[in-house]
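Per-entry structural report
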Amino acid sequence: MHYVNPGHTHIVHGGESKDMTLMMTSLCAIILDSNARTLRGFQSLIEREWILGGHPFGERCSHSAYATGGGEEAPVFVCFLNCVFQMMHAYPTAFEFTDHFLINIFEHSYASEFGTFLYDSERDRHHSQLRKRTVSLWSYVNHPEILSTFMNPLYVPIAQPLWPVISGVIHVLWQRLFLRWNLTWDEADESAAIAAESAEKVKKLQSQLRTLLNQQHSGGHSIPSEEITNLKIDG
Ligand SMILES: *[C@@H]1O[C@H](CO)[C@@H](O)[C@H](O)[C@H]1NC(C)=O
């Protein structure tokens with residue numbers, strides 16, 4: 001971990017350092033490091049803290065289609081994703097991605113056509129030549145047209161730490177994950193699409209306004225007010 005105090009490295013060690021320890025270090029990263037709240041940064045966080053960190057995905061997610069099973073199942077990783085979801089709920093603009101991204105990762109951790117979450121350790125992955133024989137989930141996720149489906153239209157990077165709100169009252173049930181088959185999502189999807197469209201329009205307007213203000217600044221003259229009232233978005 002390099003977040004707490006730049007220049008100082010902190011060692012966090014639990015019993016076997018493969019479950020709660022990883023949860024702790026990952027959540028510290030989410031709280032302290034704004035890069036961990038981006039699409040790419042979150043991928044490296046999972047790769048570094050969970051996969052290289054040695055969370056035994058094979059054992060813990062052993063209801064997955066490919067796991068061997070052995071009584072060591074535990075929803076530790078889902079618990080981490082849920083914590084991230086709670087942070088997103090408390091800070092809706094601070095994450096570059098939406099909970100669709102978390103749900104996608106959740107699904108692949110249990111059953112996947114990619115090799116990313118297979119096996120329990122780096123040693124096992126090395127012995128089975130996993131990286132030669134399978135494709136990584138991230139290579140799929142990072143296709144621009146796929147990546148864009150996970151983007152949070154409301155994202156505004158926040159460089160400061162995101163202090164989690166620990167009062168139980170505001171914790172919510174992650175319905176989209178836990179009640180996904182009980183509820184219908186058409187209406188929610190529609191509202192999300194409208195919100196995304198509006199956010200896009202606002203961004204375009206802001207950039208037009210910035211251009212105008214820059215012109216004014218460099219030209220040393222004021223913008224005729226009709227130019228500002230004429231700012232409009234096509235469509
Ligand atoms: C969701 O649906 C399942 C299957 O129909 C049912 O067993 C479960 O009780 C439902 N859960 C809730 C919270 O409604």
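Here is what the cut-offs are and how they apply
- Residues numbered from 1 in each chain as written.
- Predicted model: local features only at pLDDT ≥ 70, side-chain atom pairs only at ≥ 80, totals over all residues.
- Heavy atoms only, no water.
- Phe/Tyr/Trp six-rings, centres within 6.5 Å; stacked < 30°, edge-to-face > 60°.
- Helix = DSSP H or I, 4+ residues; strand = E, 2+ residues; numbered from the N terminus.
- Buried < 20%, exposed > 50% of the residue type's maximum accessible area, 1.4 Å probe, protein only.
- Axes fitted to C-alpha atoms, helices over the stretch in contact; angles between N-to-C directions.
- Parallel < 35°, antiparallel > 145°, perpendicular 65-115°, else oblique.
- Left-handed = near helix turned anticlockwise from the far one by under 90°.
- Contact = heavy atoms within 4.5 Å.
- Nonpolar A, V, L, I, M, F, W, Y, C, P; charged D, E, K, R; others polar.
- Salt bridge = Lys/Arg side-chain N within 4 Å of Asp/Glu carboxyl O.

For the protein chain, the name recorded in an unreviewed UniProt entry is Myotubularin phosphatase domain-containing protein, with Panagrolaimus davidi as its organism.

**Brief notes about the packing of aromatic side chains**
Enumeration according to the criterion identifies 17 aromatic pairs in this entry. A centroid spacing of 5.0 Å and a plane angle of 80° characterise the contact between Phe57 and Phe77, whose relative ring orientation is edge-to-face. Placement of the pair is Phe57 in helix H3 (residues 57-60) and Phe77 in helix H4 (residues 76-90), with a sequence separation of 20 residues. Assigned by exposure class, Phe57 and Phe77 land together as buried. Relative to Trp174, the ring of Phe85 lies with its centre 4.8 Å away and its plane at 5°, an arrangement referred to as stacked.

**Here we look at the environment of Pro157**
Take Pro157: it is sitting in the loop between helix H9 (144-147) and helix H10 (175-178). Distance in space between the C-alpha atoms of Pro157 and Ala94 is 5.7 Å, their sequence separation being 63 residues.

**Side note on the packing of helix H1 (residues 20-32) against H4**
Here H1 crosses H4 at 20°, and the two axes come no closer than 10 Å. In terms of axis orientation, H1 runs roughly parallel to H4. Crossing geometry of H1 relative to H4 is assigned as right-handed. In this structure, H1 contributes Met20, Met23, Ser26, Leu27, Ile30 and Ile31 to the contact, and H4 contributes Val76, Cys79, Phe80, Cys83, Val84 and Met87. Of the residues contributing to the contact of H1 with H4, the split by class is 11 nonpolar, one polar and no charged.

**So, the pattern of salt bridges**
As enumerated under the stated definition, the model contains 11 salt bridges in all. As a salt-bridge pair, Arg48 and Glu49 come within 3.1 Å of each other at their nearest N and O atoms. Here the salt bridges do not stand alone but share partners, grouping Asp19, Glu59, Arg60 and Glu72 into one network.

**Thoughts on the packing of helix H2 (residues 39-52) against H4**
The contact between H2 and H4 brings their axes to 14 Å, and the two run at 145°. The way H2 lies across H4 gives a crossing that is right-handed. Only Val76, Phe77, Phe80, Leu81 and Val84 of H4 make contact with H2, whose side of the interface consists of Phe42, Leu45, Ile46 and Trp50.

**A closer look at unusual backbone geometry**
Backbone geometry at Ser17 places phi at a positive 55°, although glycine is not the residue there. Position of Ser17 relative to the elements: it lies in the segment before H1. Exposure remark for Ser17: the relative accessible area of 15% places this residue in the buried category. Look at Tyr119: it is not a glycine, yet its phi comes out positive at around 70°. Tracing the backbone shows Tyr119 in the loop between helix H5 (99-110) and helix H6 (122-127).

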